[in-house]
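Overview (structure and organization)
Here is how the chains run, residue by residue.
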Amino acid sequence: MERTWSCFDCQFDGAEPVCFAADGHFDPKRLARILLKIGPADGAPDDKCDRMRAYDCVDEMVQTAPEASVTFILAALDECRTSAQVSLLGAGALETMLKTHGPEVIGPLERAAR
């Protein structure tokens, strides 16, 4: 999947994207583990800076890249270990994605829910 979004740090500070693995492919599970504080993700230290970058990345993604957002939400839900983590996704990324791209993402989300 091509990255069609770019968070602040990637755009202006030349940071390594937390949403892509070292080999260059989109890695929604890695991003979810960082965002949800599920231990250190492969290839990424578990620190607050990466977590804040993950929030920025997800926020930018759900506003500008609906296909990647659906992929991320589904992968992130699979990574959730607690109801608090599910709530974080629901009241954050999922809510913003539905508000911004509702008609475009409802179908894929409903299919995945079946």
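Since the model is a prediction, treat every value here as computed from it, not as a measurement. (Residues numbered from 1 in each chain as written. Predicted model: local features only at pLDDT ≥ 70, side-chain atom pairs only at ≥ 80, totals over all residues. Heavy atoms only, no water.)

The next thing to look at is helix H4 (residues 66–79). Between its first and last C-alpha atoms H4 spans 20 Å; for 14 residues at 1.5 Å apiece the expected length is 20 Å, and the two agree. Restricting attention to buried positions, one finds in H4 the residues Pro66, Ala68, Ser69, Val70, Phe72, Ile73, Ala75, Ala76 and Glu79. (Helix = DSSP H or I, 4+ residues; strand = E, 2+ residues; numbered from the N terminus. Expected span 1.5 Å × (residues − 1). Buried < 20%, exposed > 50% of the residue type's maximum accessible area, 1.4 Å probe, protein only.)

In this section: the packing of aromatic side chains. A complete count under the given rule lists 1 aromatic pair for this structure. Relative to phenylalanine 26, the ring of phenylalanine 20 lies with its centre 5.7 Å away and its plane at 55 degrees, an arrangement referred to as tilted. Across the pair, phenylalanine 26 and phenylalanine 20 agree in class, each one buried. (Phe/Tyr/Trp six-rings, centres within 6.5 Å; stacked < 30°, edge-to-face > 60°.)

Moving on: helix H2 (residues 28–35). At 3.6 residues per turn, the α-helix brings residues three or four places apart onto the same side. Burial analysis of H2 places 7 of its 8 residues in the buried class, which makes it a mostly covered element. Of all the residues in H2, the buried ones are Pro28, Arg30, Leu31, Ala32, Arg33, Ile34 and Leu35. Of the surrounding elements, those touching the buried residues of H2 are helix H3 (48–64), H4 and helix H5 (83–113). Directly after H2, the chain includes lysine 37, whose backbone phi takes a positive value near 60 degrees. (Contact = heavy atoms within 4.5 Å.)

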